[in-house]
Amino acid sequence: QGKLDDAEQYFRTSMRLDPWRIKPYESLLMLMNYSDRYDASAIFSEHLNFARRFEAPLLPFHAGHTREKVRDKVLRIGYVSPDFRRHSVNYFLEPVLASHDHDRFEVFCYSDVAVSDVVTERLRGYANQWRDIAGMTDEEAAQLVRRDGIDILLDLAGHTGFNRILMFARKPAPIQVSWLGYPNTTGLSSVDYRLVDSYTDPPGMTDPYYTERLVRLPRTFLCYVPENGGPPVGELPALRSGHVTFGSFNFFPKVSRTTVTLWSSILKALPGSRLILKAKAFSSESVCAKAREMFDAHGIPGERIELMSHKPSYSEHLATYNEIDIGLDTFPYNGTTTTCEALWMGVPVVSLGGTTHVSRVGLSILSNVGIPWLAARTHDEYVRIAVDLALDLEGLQLLRRSLREKLIESPLSDAKLFVSGLEACYRDMWVSWCGR
């Protein structure tokens, strides 16, 4: 519902009532990433507190690993996720699974999916070995990983829903890595590395706020390959409507106080403009009322804000981008899938870069697609970029017509290039472990 302050109060109360119940604590950690009230130090501190409470009791029971230290062996890579299904994570994972070199890497997928779908079945076909761990305890799943002899185990969920973070706390693999599903540290000493890039995490900027060692992939920490059969890019909506329409299809809790302030400044600078927000939460009238109140407090009347809920199909969801001229990113928690989808549909996205990973994903995506000038460094610059785009309809139309090709030809969508760099990082991790 976007009521972060209320949610935080309930999570903290639950934590006091039952200190050993993990879900409220992880919900708090996730919430802190959305909030513009916390800096990186405060968020890191809370992750360390989590580890002291839930990981520390397991550390004395870590068993050693007896893998044969052969540097050029075929490596067993394990991917652990509750989201091997139609889920945003898989827009970035599937091209990786589909492109692995199986002569050098044996791929195991540990699926915590209770109900499979067509995406699950497609992903299953990319793995050398598929393990269903739904219903297993963390200890049982950890023992399975040990029996499989996994060399490098990747967590794709972090502190998001239905994760297996306490399986990783048991250290079932000699090398453990965090990537993709969670935009922050795990806080665990049991996780050795985190995969990022030099845009999201410039050397020295964010390193102090991770328990993991940061490994910066060569160009981008993401690989996005759109689904086949998406709708065509439409003409610029402003040419037929007579006004510019901004839009954001991000998860509603990402719409922070700072975000609303910036979006309101843009709308005030362009009196005839409108804003479309699309999120599942807008199926609730009370949530819609809250969203309108947020803008009304900044002098933006409700009739300038259109709220949409989810669409019946993914194709219809993508087609909705043909109703907006310019995408506006959220802050401090940038969009990821939504930004890639917008670019695929020809919609430029204005983003605001901060000093944390979660607030620099937009910069990474836009830079890799070749349009870094859409990533602002300050609040004023964010507003200026959006307004300047809106005032140049001819340039906006040209940009719209070129964005899909820019995305397809960019490092962001080059799966073979991305996996080559990823596999080189895996090999470096393994060689380092062999040298211990």
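Preceding this section is the structure that the text describes.
Residues take numbers from 1 onward in each chain, read along the sequence in its written order. Local features in this predicted model are restricted to residues whose pLDDT is 70 or higher, and side-chain atom pairs enter the listing and the counts only when it is 80 or higher, whereas totals over whole chains, interfaces and linings include all residues. Side-chain calculation: all heavy atoms of the structure are included, whereas hydrogens and water are not.

## Considerations on the packing of helix α2 (residues 22–34) against helix α3 (residues 40–54)
Viewed as axis vectors pointing N to C, α2 and α3 meet at an angle of 165°, and their least axial separation amounts to 10 Å. Compared by their axis directions, α2 and α3 come out roughly antiparallel. Considering the relative orientation of α2 and α3, their crossing is left-handed. Contacts between α2 and α3 involve Ile-22, Tyr-25, Glu-26, Leu-28, Leu-29, Met-32 and Asn-33 from the first element and Ala-42, Ile-43, Glu-46, His-47, Asn-49, Phe-50, Arg-53 and Phe-54 from the second. Gly is placed with the polar residues, together with every amino acid not listed as nonpolar (Ala, Val, Leu, Ile, Met, Phe, Trp, Tyr, Cys and Pro) or charged (Asp, Glu, Lys and Arg). When its residues are assigned to classes, the contact of α2 with α3 shows nine nonpolar, three polar and three charged. Every angle, taken between N-to-C directions, lies between 0 and 180 degrees, and every axis is a line fitted to C-alpha atoms, over only the stretch in contact when it is a helix. Per the convention used, a helix needs a DSSP run of H or I reaching at least four residues, while a strand needs a run of E reaching at least two, with both numbered from the N terminus. Oblique is the label for any angle not under 35 degrees, not over 145, and not in the 65 to 115 range, which are roughly parallel, roughly antiparallel and roughly perpendicular in turn. For any pair of crossing helices, the crossing counts as left-handed if the nearer helix is rotated counterclockwise from the farther one by less than a right angle, and right-handed if it is rotated clockwise. Two residues form a contact once any of their heavy atoms are found within 4.5 Å.

## Observations regarding the environment of His-298
Mapped onto the secondary structure, His-298 falls in the loop between α10 (285–296) and β10 (305–308). Of the residues examined, His-298 reaches a relative accessible area of 25% and is grouped as partly exposed. It is 21 Å that separates the C-alpha atoms of His-298 and Glu-285, two residues lying 13 residues apart in sequence. Not counting the four nearest positions on each side in its chain, His-298 is found in contact with Val-260, Thr-261, Ser-264 and Lys-268. Remark: exposure states derive from per-residue accessible area (1.4 Å probe, protein chains only) relative to the maximum for the residue type, with buried under 20%, exposed over 50%, and partly exposed in between.

## Description of the nonpolar core
The nonpolar core is taken to be a set of buried Ala, Val, Leu, Ile, Met, Phe, Trp, Tyr and Cys residues, with the residues joined through side-chain atoms within 4.5 Å. Counting 107 residues, the largest nonpolar core has Tyr-79, Leu-154, Trp-179, Phe-246 and Leu-328 as the members making the most contacts within it. Considering each element in turn, this core owes the most residues, ten residues, to helix α16 (residues 415–434). When residues no more than four places from it in sequence are discounted, the contact partners of Leu-154 are Ile-77, Gly-78, Tyr-79, Val-80, Phe-168, Val-177, Trp-179, Leu-195 and Tyr-426. Of all hydrophobic cores here, the second largest spans 36 residues; its members include Ile-22, Ala-51, Ala-141 and Leu-153.

## Considering the pairing of strand β9 (residues 274–278)
Looking along a regular strand, one sees side chains alternate from face to face of the sheet. Of all five residues that make up β9, four are buried, and the element is covered over most of its length. In this scheme, strands are said to pair when DSSP sees at least two bridges between them. With four bridges joining them, strand β8 (residues 245–248) and β9 adopt parallel strand pairing. Pairing of Ser-248 across the sheet is with Leu-277, part of β9. When the strands point away from the viewer and the path from the first strand over the helix to the second turns clockwise, the crossover is right-handed. Of the crossover connections in this fold, the one passing from β8 over helix α9 (residues 257–269) to the parallel β9 is right-handed.

## Notes on the sheet that holds strand β3 (residues 129–132)
Whether parallel or antiparallel, the strands of a sheet pair through hydrogen bonds between backbone atoms. An order of β3-β2-β1-β4-β5-β6-β7 is seen for the seven strands of this open sheet, with the pairing classed as parallel. A single partner strand is all that each edge strand has here, and the edge strands are β3 and β7 (213–216). On average, each strand axis in the sheet is inclined to that of its neighbour by 25°, with strand direction left out of account. As paired strands, strand β4 (residues 152–155) and strand β5 (residues 175–178) are joined by four bridges and run parallel to one another.

## Some words on the sheet that holds strand β11 (residues 326–328)
On the basis of which strands lie adjacent, the open sheet formed by six strands has the order β10-β9-β8-β11-β12-β13 and parallel pairing. Across the chains shown, the open sheet's two edge strands, defined by having one partner strand only, are β10 and β13 (375–376). The sheet contacts of α9 involve β8, β9, β10, β11 and β12 (349–352), and relative to β9 the element is tilted by about 150°. Contacting β8, β11, β12 and β13, helix α14 (residues 379–390) crosses the sheet at an angle of about 170° to β12.

## Some points on unusual backbone geometry
Going from Phe-331 to Pro-332, the amide bond is cis rather than trans, its omega being 10°. As for its placement among the helices and strands, Pro-332 is situated in the loop between β11 and α12 (337–344). Phi angles above zero are rare outside glycine, and Phe-162 is one such case at about 65°. Among the structural elements, Phe-162 can be located in the loop between β4 and α7 (165–168). Exposure remark for Phe-162: the relative accessible area of 65% places this residue in the exposed category.

## Concerning the pattern of salt bridges
Basic side-chain nitrogens of Lys or Arg form a salt bridge, by our definition, when they fall within 4 Å of a carboxyl oxygen of Asp or Glu. The tally for this structure, following the rule as stated, stands at 27 salt bridges. Salt-bridge contacts for Arg-124 lead to Glu-121; the nearest nitrogen and oxygen are separated by 3.3 Å. Placement of the pair is Arg-124 and Glu-121 together in helix α5 (residues 118–124), with a separation of three residues, close to one helical turn. Because the salt bridges share partners, they merge into one network encompassing Asp-5, Glu-8, Arg-12, Asp-36, Arg-37, Glu-46 and Arg-257.

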